[in-house]
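Letter by letter, the chains look like this.
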Amino acid sequence: MAGFIEYETYDATGLAALIAGGQVSAAEVLDAAIERAERLQPSINGITIPLYEHARAAARTGLPAGPLSGVPFLLKDLGAQLSGTRTSGSGKLWRDFVADHDSTLVARYRAAGLNIFGKSASPEMGLAPSTEPAMYGPCRNPWNLAYSAGGSSGGSAAAVAARILPMAHATDGGGSIRIPASACGLFGLKTTRARNPSGPDVGEGWGGQAVAHCVSISVRDSAALLDVSAGPDIGDPYWAPPPAGRFVDEVERAPGRLRIALCVTPWNDEPVDAECRQSAEDAARLCESLGHHVAVGRPEFDTAAFRAATRTLVAMVELGRGCTAADYARSITTIHAVGRVVARFFAGYDILLTPTMCSPPWPIGVLSLSAGDTTAYFTALNRSIGFTSLFNASGNPAASLPVHWSAQGLPVGVQIVAPFGDEATIFRLAAQIETARPWKDRRPPLLA
């Protein structure tokens with residue numbers, strides 16, 4: 001096939017099937033991804049470290065015959081080591097760091113046949129809900145280049161939204177998968193704590209709050225990737241409850257009649273934009289039309305004990321210097337207490353439905369870690385994580401679904417949260433909503 005012009009119409013599962021069936025080669029698929037990256041990168045700035053020749057060599061020599069063999073893939077430029085390549089964390093201190101081994105998760109991706117052709121942008125050390133690192137410059141939202149693609153997995157989300165590739169690696173320590181998925185009109189799942197391994201260098205991230213998975217244009221791609229990556233590694237300190245079967249099979253199963261709690265008030269008491277409230281309320285009505293029972297409800301606890309001070313990057317360092325080991329131990333105790341409250345809440349519900357963010361995407365500059373207007377920064381930060389960060393503390397799986405666009409044409413996601421260990425219900429409900437209100441073929445104006 002000369003020039004794979006249909007490339008962007010396929011999700012990762014579809015591309016893998018074409019390659020396995022011999023209808024197109026891994027090299028042709030990679031060339032299509034690289035052509036789009038070179039054409040769109042100047043506009044969105046989502047790729048920090050191109051690895052095009054590395055990927056071309058892999059396609060030539062033959063990729064493993066895994067379930068995703070030949071599918072192009074980006075690693076977030078943070079916390080994912082690929083042997084022989086740089087991982088900068090978008091920080092100047094690490095700009096020349098070269099890994100001498102693969103992360104366990106990366107090794108599993110490679111064994112599945114994914115062809116890694118670059119690293120995607122992140123804010124410095126992943127510490128902001130927007131991706132505007134000083135070293136590389138801002139990553140822009142393909143739906144409107146004046147707006148943020150979210151963070152901290154903004155580079156991955158921008159690249160997938162621009163259809164450079166259908167799925168990309170992402171991490172989430174407070175909303176960093178769900179926020180950019182919401183901002184860029186994608187499906188983004190934060191997995192259960194310890195569903196995927198963090199090793200071999202560490203046993204957990206951010207005291208168990210940070211996890212890794214992906215953003216994708218389809219629900220089935222997210223499930224297929226989790227099937228190849230999930231499960232403990234030797235020596236892991238703990239792991240998630242084993243699933244009953246393959247996640248990709250859950251996508252085909254009806255969810256049954258679910259008990260869904262609707263919540264449109266965040267735990268940090270930030271105001272919620274009318275578009276975000278509408279997105280959740282519309283999704284709740286859609287769920288009712290699909291046969292689910294919806295009632296207003298949310299986990300309740302002493303939110304003052306859960307809130308943490310927010311600072312810019314330099315101020316975070318100063319804050320850390322003033323904290324003691326006892327402060328850290330108390331914070332872990334608080335996180336565990338929050339997890340118990342959330343677990344008890346889910347004894348009465350199957351799903352919690354909320355807006356993903358308190359606001360639509362923010363303009364470029366507001367959430368930069370170098371921002372001069374700290375008041376605007378703190379406001380935007382709190383309105384970005386008001387619905388998401390709780391479930392990093394509790395460890396529950398949670399996903400953002402692209403079911404609403406604002407009057408300005410910007411994506412506005414809704415979040416669904418399930419009991420600890422229950423990605424299966426998320427995949428079933430998300431696939432049902434995806435069928436009822438498809439989003440995969442909706443394209444940003446940048447691609448017109």
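Refer to the structure above for everything that follows.
Notes on the structure follow.

### Things to note about empty space enclosed by the protein
Part 1 of the argument: A full pass over the atoms with the stated rule returns 2 cavities of 30 Å³ or more.
Part 2 of the argument: A volume near 50 Å³ is recorded for the largest cavity.
Part 3 of the argument: Lining of the largest cavity is provided by P129, S130, S148, A149, G150, I179, A183, M357, P361, W362, L367 and S384.
Part 4 of the argument: A per-class count over the lining of the largest cavity returns 8 nonpolar, 4 polar and no charged.
Part 5 of the argument: In this model, the second largest cavity occupies a volume close to 40 Å³.
Part 6 of the argument: Lining of the second largest cavity is provided by Y7, E8, Y10, L15, R163, L165 and P166.
Part 7 of the argument: Residue composition of the lining of the second largest cavity, grouped by class: 5 nonpolar, no polar and 2 charged.

### Notes on the state of the cysteines
Part 1 of the argument: Applying the stated rule across the entire model yields 0 disulfides.
Part 2 of the argument: A disulfide-free cysteine, C263 has its sulfur positioned 9.6 Å from the sulfur of C358, the nearest such atom.

### Considerations on the nonpolar core
Part 1 of the argument: Ranked by size, the top nonpolar core spans 94 residues in total, and within it F117 and L401 carry the most contacts.
Part 2 of the argument: With 8 residues, the top contributor of residues to this core is helix α2 (residues 26-44).
Part 3 of the argument: I332, V341, A393 and V417 belong to the second-largest nonpolar core, a separate cluster that totals 23 residues.

### With respect to unusual backbone geometry
Part 1 of the argument: With omega at 10 degrees, the peptide bond leading from G151 into S152 counts as cis.
Part 2 of the argument: The residue S152 is located in the loop between β5 (144-148) and α5 (154-161) in this model.
Part 3 of the argument: Residues G199 and P200 are joined by a peptide bond in cis, for which omega reads 5 degrees.
Part 4 of the argument: Within the secondary structure layout, P200 lies in the loop between β7 (187-190) and β8 (211-216).
Part 5 of the argument: Non-glycine residue M125 carries a positive phi angle of around 55 degrees.

### Details of the side chain of D77
Part 1 of the argument: Tracing the sequence through the fold places D77 in the loop between β2 (72-76) and α4 (104-111).
Part 2 of the argument: No salt bridge forms around the buried D77; measuring N to O, its nearest opposite-charge neighbour K119 is 5.0 Å away.
Part 3 of the argument: A distance of 3.1 Å separates a polar atom in the side chain of D77 from a polar atom in the side chain of T48.

### Brief notes about the sheet that holds strand β3 (residues 115-120)
Part 1 of the argument: Here we have 3 strands laid out as an open sheet, ordered β1-β3-β2, and mixed in their pairing. Single-partner strands in this sheet number two, and they are β1 (47-50) and β2. Sheet twist, expressed as the mean angle between neighbouring strand axes with direction ignored, is 40 degrees.
Part 2 of the argument: Pairing analysis gives 5 bridges linking β2 to β3, with the strands arranged parallel. Residue pairing for β3: L75 is matched across the bridge by K119.

### Focus on a nonpolar patch on the surface
Part 1 of the argument: A surface patch of nonpolar side chains, amounting to about 430 Å² of accessible area, comprises L93, W94, F97 and M125.
Part 2 of the argument: Residue classification places F97 among the partly exposed positions, given a relative accessible area of 39%.

### Looking at the pattern of salt bridges
Part 1 of the argument: Scanning the entire structure with this criterion turns up 17 salt bridges.
Part 2 of the argument: Of the charged contacts, one joins E8 and R443 as a salt bridge, the two residues approaching to 2.7 Å between their closest N and O atoms. One end of the pair, E8, is in the segment before α1 (12-20); the other, R443, is in the segment after α15 (423-436), and 435 residues separate them in sequence.
Part 3 of the argument: Residue class for R443 comes out partly exposed when judged on its relative accessible area of 24%.
Part 4 of the argument: Across the pair E53 and R56 runs a salt bridge, and its minimum N-O distance is 2.7 Å. On the criterion of helical spacing, the pair formed by E53 and R56 is a turn pair, its members being 3 residues apart in helix α3 (residues 52-61).
Part 5 of the argument: On the basis of relative accessibility, which here comes to 51%, the residue E53 falls in the exposed class.

### As for the environment of G155
Part 1 of the argument: Along the polypeptide, G155 turns up in helix α5.
Part 2 of the argument: Sequence-wise, G155 and G205 are 50 residues apart; in three dimensions their C-alpha atoms are separated by 20 Å.
Part 3 of the argument: With near-sequence residues (within four places) excluded, G155 lies in contact with G46, S120, A121, T131 and C139.

### Some points on the packing of helix α7 (residues 219-229) against α15
Part 1 of the argument: Where α7 contacts α15, the axes come no closer than 9 Å and their chain directions differ by 155 degrees. Compared by their axis directions, α7 and α15 come out roughly antiparallel. Seen from above, α7 lies across α15 with left-handed handedness. Mapping the contact onto sequence places V219, S222, A223 and L226 in α7 and E423, F427, A430, A431 and E434 in α15.
Part 2 of the argument: Within the contact of α7 with α15, the residues separate by chemical class into 6 nonpolar, 1 polar and 2 charged.

### Description of the packing of aromatic side chains
Part 1 of the argument: Inspection of every chain in the model, using the stated rule, returns 11 aromatic pairs.
Part 2 of the argument: Between F345 and F346, the aromatic rings sit 5.3 Å apart at their centres with planes inclined by 80 degrees, giving edge-to-face as the arrangement. Assigned by exposure class, F345 and F346 land together as buried.
Part 3 of the argument: These aromatic residues form a ring-pair network of at least three members: F4, Y7 and Y10.

### Quick notes on the packing of α2 against α3
Part 1 of the argument: Between α2 and α3, the least distance of the axes is 10 Å, while the angle of their chain directions is 170 degrees. On the basis of their axis angle, the class for α2 and α3 is roughly antiparallel. Across the interface between the two elements, A27, L30, D31, I34, A37 and E38 of α2 pack against Y52, A55, R56 and A59 of α3.
Part 2 of the argument: For the contact of α2 with α3, a count of residues per class yields 7 nonpolar, no polar and 3 charged.

Rules and cut-offs
Residues numbered from 1 in each chain as written. Predicted model: local features only at pLDDT ≥ 70, side-chain atom pairs only at ≥ 80, totals over all residues. Heavy atoms only, no water. 1 Å grid on protein atoms, 1.4 Å probe; cavity = no way out; pocket = protein on both sides within 12 Å on 5 of 7 lines; lining within 4 Å. Points joined across faces, edges and corners; volume = space filled by probe spheres on them. Nonpolar A, V, L, I, M, F, W, Y, C, P; charged D, E, K, R; others polar. Disulfide = S-S within 2.5 Å. Core = buried A, V, L, I, M, F, W, Y, C linked by side-chain atoms within 4.5 Å. Buried < 20%, exposed > 50% of the residue type's maximum accessible area, 1.4 Å probe, protein only. Helix = DSSP H or I, 4+ residues; strand = E, 2+ residues; numbered from the N terminus. Lys, Arg positive; Asp, Glu negative; His and termini not counted. Salt bridge = Lys/Arg side-chain N within 4 Å of Asp/Glu carboxyl O. Polar contact = N/O pair within 3.5 Å; in protein donor to acceptor, adjacent residues only side chain to side chain. Pairing = 2+ DSSP bridges. Axes fitted to C-alpha atoms, helices over the stretch in contact; angles between N-to-C directions. Patch = residues over 30% accessible without salt bridge, like charges linked within 9 Å, V, L, I, M, F, W, Y side chains within 5 Å. Areas by Shrake-Rupley, 256 points an atom, 1.4 Å probe, with all protein chains shown as cover. Contact = heavy atoms within 4.5 Å. Parallel < 35°, antiparallel > 145°, perpendicular 65-115°, else oblique. Left-handed = near helix turned anticlockwise from the far one by under 90°. Phe/Tyr/Trp six-rings, centres within 6.5 Å; stacked < 30°, edge-to-face > 60°.

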